[in-house]
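Single-letter residue listing:
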Amino acid sequence: MENNTIQSVLQEHRTFKPSAEFSQNSRFPDPASIEALYKHASTDHTGFWAELANTQINWHKPFTKTLDDTQAPYYEWFNDGELNVSYNCLDRHLETQGDKTAIIFEGEQGDTQHISYRTLYERVCQFANGLKDLGVVSGDRVVLYMPMIPEAVVAMQACARIGAIHSVVFGGFSAESLRDRIEDADAKIVITADGGHRGGKVVPLKEATDKALSMGCDCIEHSIVFTRTKHDINMQSGRDILWDDVIKDKATTCEPTWVNSEHPLFLLYTSGSTGKPKGIQHSSGGYLLGAITTMQWVFDIQDKDIFWCTADVGWITGHTYVAYGPLACGSTMLMFEGAPTVPDAGRFWKMCEAHKVTIFYTAPTAIRALMKLGDDFPKKYDLSSLRLLGTVGEPINPEAWMWYHTVIGQEKCPIVDTWWQTETGAHMLAPMPSQTSAKPGSCTRALPGIDAIVVDEAGNEITTADQGGYLVVRKPWPSMLRNIWGDAERYNETYWAKFDGKYYLAGDSARKDSDGYFWIMGRIDDVLNVSGHRLGTMEVESALVAHERVAEAAVVGSPHDIKGESIFAYVVLKGDRPSAEDADAITQTLRTWVGEQIGAIAKPDNIRFADNLPKTRSGKIMRRLLRTIAKGDEITSDTSTLENESILLQLQGKE
Ligand code: WT7
């Protein structure tokens, strides 16, 4: 292996063209218009972004400088311009479409609300006025720890309106995680609810908030509590205030606070695989531009669409494609409080039918989980309103892709596989669905204005097709992160130092095929090293899932005297977990299968069966834990962010 590159061993050759009907009715029916975008971006990177910033954003004070790279890698975009993000999401739509529905909300228990742009604007203004009266000023940090309800969006928009920097902590995180994030952000206010409905249970958010505040958080002056589940909670007088009291008698208008384009809009903490969480800091103008352009390019958003992104506002996906992007584009979105399997695995499809969803965006982990539960659920519902499907969060294995395409999309919806990160703010590698043919498992090409390449260890671009390496971005882009909150050095170390500031390091391995399509091979830290061959985990997992009996698989390396690493696979079968005798037979079948699909080199040495895989609440497999288990070591790390802690015993073979 030259230059320590990563070998690709699994290739997918099917391609799917968008239908003529989809293309003709899209925002970009003409291939030439897309080519023109790419051409403009590649010949004049900053001019391209400047033109979009001028046409897509309402500036209070126009910018004169597009990109400031004097302090690189602390790049700045549009940095003498002034705007307000909430103004761009709400006020600018009021005159032409104040009565249009902004948010269709459905609670887990089936309660629904339709909120117009005007009503949303009024609620945001009232809450913004309430925050101001509590002493919140521009630049203050406000932490949100809320269920997936419209008030979460109201609170985020209200912060944006007065220049306060929000930091949303996912409602599934523990009190300890909440405390750490509040303290790192040095927040003045925490906004929560009594609870939320999730998975048929009440998530006791106020209780967790009380616990977090009792363990520190001296910076907090008030907690604001929205009443959702109506169960008994403690209210500490002086500190805790009900949401309804915050907005009581408040005006329904609130002059937006104009901020500099570089003013931080929000912080969002990512756990990463090691170390303390990083507060990823995003800007106002550049971030907003990324949200708008990708809504248009990748989701083809149009006036009549009903857009549904299933992500929680606790993740970047729920920021860009729930709280900001759809509103900035003046579209109608659906928001759902609950879990996809409550009351049964038909919930998503029932909601698509009921609300006539046209664009549906979810994670491969949800698709696989629902696929495992069978076709009868989706088949019960009329999914004909759907015109575009999307995925995000991890590579989608071709089997799940095909199911999504045939059973959900009924073979007429393009699927946009969108590669991006908390750090990138918006989609980076993704198709323009009216023209780009899809290949199951590939996120296709870099978007216009995104200069992504694959490089080897020395930083040289890999031009050989299908040779894997580091995925990097060569030029800054408007929606990129600006810093790690309070740790500028770590920002430089993590994202720029490896290639001397020349490239943004995404931390993923990837290859490009002979058509120039990108294939993500996994996180760099997860690459397997078997007998001197470096293999991405993704391809072995895909091969396993391609077997008819397998629902999900995760693969890790385990130290091996001779081979360097051996391949350890964790497999979830469709249906029940096999008995001990059956497990041996299936292990042999799967080993042979992977040998046929990929080659002997990739045959798993060990396979362990479980009912589920250890996942974070955002659906990411915790490979760090799986590596520990594969080695036979005891688990000593914190597992409280696991969605399903109880699965660990099974994976260890103890149950
Ligand atoms: C990491 C970023 C971006 C929103 C959700 C996750 C993986 C993300 C894809 C995709 C293959 C993907 C990457 C990336 N990832 N999308 N379409 N294909 N891998 O945000 O928690 O910041 O995670 O998710 O490994 O680096 P995040």
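Residues numbered from 1 in each chain as written. Predicted model: local features only at pLDDT ≥ 70, side-chain atom pairs only at ≥ 80, totals over all residues. Heavy atoms only, no water.

Draft legend 1. Examining the nonpolar core more closely. Residues Phe127, Ile182, Ile191, Trp243, Trp297 and Leu429 are the most contacted members of the largest nonpolar core, which totals 139 residues. Looking at this core, the element that brings in the most residues is helix 6 (residues 150-162), giving nine residues. Counting residues in hydrophobic clusters, the runner-up holds 30 residues, among them Ile104, Ala345, Leu370 and Val407. (Core = buried A, V, L, I, M, F, W, Y, C linked by side-chain atoms within 4.5 Å. Buried < 20%, exposed > 50% of the residue type's maximum accessible area, 1.4 Å probe, protein only. Helix = DSSP H or I, 4+ residues; strand = E, 2+ residues; numbered from the N terminus.)

Draft legend 2. Inspection of the domain arrangement of the protein at higher detail. Taken domain by domain, the protein consists of domain 1 (34-339 + 418-459 + 466-510) and domain 2 (531-651). Averaged C-alpha coordinates put domain 1 and domain 2 at centres separated by 34 Å. On the domain 2 side, the residues contacting the seven residues of domain 1 number five residues. Carbon and sulfur atoms supply 59% of the area that domain 1 and domain 2 bury against each other, a total of about 550 Å² over both sides. The tally of links between domain 1 and domain 2 comes to zero salt bridges. Our enumeration of links across domain 1 and domain 2 arrives at zero residue pairs in polar contact (both at pLDDT 80 or more). Here the side of domain 1 that touches domain 2 is composed, by residue class, of three nonpolar, four polar and no charged. (Domains from an automatic or database assignment. Contact = heavy atoms within 4.5 Å. Buried area = accessible area lost by both parts, 1.4 Å probe. Salt bridge = Lys/Arg side-chain N within 4 Å of Asp/Glu carboxyl O. Polar contact = N/O pair within 3.5 Å; in protein donor to acceptor, adjacent residues only side chain to side chain. Nonpolar A, V, L, I, M, F, W, Y, C, P; charged D, E, K, R; others polar.)

Draft legend 3. Local environment of the sheet that holds strand 7 (residues 141-145). Judged by pairing direction, the sheet is mixed, and its eight strands sit side by side in the order 13-12-9-7-8-15-16-24 without closing on themselves. The sheet terminates laterally at strand 13 (240-242) and strand 24 (483-484), the two strands that pair on one side only. Summarising the sheet, strand 12 (residues 222-226) and strand 13 pair through three bridges and their orientation is parallel. Bridged to serine 223 within strand 13 is aspartate 240. (Pairing = 2+ DSSP bridges.)

Draft legend 4. Up close: the packing of helix 6 against helix 11 (residues 316-328). Across the interface, helix 6 lies against helix 11 with an axial gap of 11 Å and an inter-helix angle of 65 degrees. Once helix 6 is placed against helix 11, the crossing between them reads as right-handed. Side by side, helix 6 and helix 11 meet where Val153, Met156, Gln157 and Ala160 of the first sit next to His319, Val322, Ala323, Tyr324 and Leu327 of the second. Split by residue class, the contact of helix 6 with helix 11 holds seven nonpolar, two polar and no charged. (Axes fitted to C-alpha atoms, helices over the stretch in contact; angles between N-to-C directions. Left-handed = near helix turned anticlockwise from the far one by under 90°.)

Draft legend 5. Spatial organisation of the packing of aromatic side chains. Applying the stated criterion to the full structure yields 39 aromatic pairs. Taking 5.9 Å as the distance between ring centres and 80 degrees as the angle between the ring planes, the aromatic pair formed by phenylalanine 173 and tryptophan 315 counts as edge-to-face. Of this pair, phenylalanine 173 sits in the loop between strand 8 (165-168) and helix 7 (175-185) while tryptophan 315 sits in the loop between strand 17 (306-309) and helix 11; the two residues are 142 residues apart in sequence, bridging distant segments of the chain. One cation-aromatic arrangement involves arginine 181 over phenylalanine 173; the distance from NZ or CZ to the ring centre is 4.6 Å. (Phe/Tyr/Trp six-rings, centres within 6.5 Å; stacked < 30°, edge-to-face > 60°. Lys NZ or Arg CZ within 6 Å of the ring centre and 35° of its normal.)

Draft legend 6. Region of interest: the site of the ligand. Taken together, 16 residues lie around the ligand, and Asp417, Thr418, Gln421, Thr422 and Arg523 are the ones closest in. One of the side-chain nitrogen or oxygen atoms of aspartate 508 is found 2.9 Å away from an oxygen atom of the ligand. When the free accessible area of the ligand is taken as 550 Å², the share hidden by the protein chains comes to 87%. Of all the secondary structure elements, the ones that give two or more residues to the shell around the ligand are helix 11, strand 21 (415-418) and strand 26 (518-523). For the shell around the ligand, a count of residues per class yields six nonpolar, five polar and five charged. (Near = heavy atom within 4 Å. Areas by Shrake-Rupley, 256 points an atom, 1.4 Å probe, with all protein chains shown as cover.)

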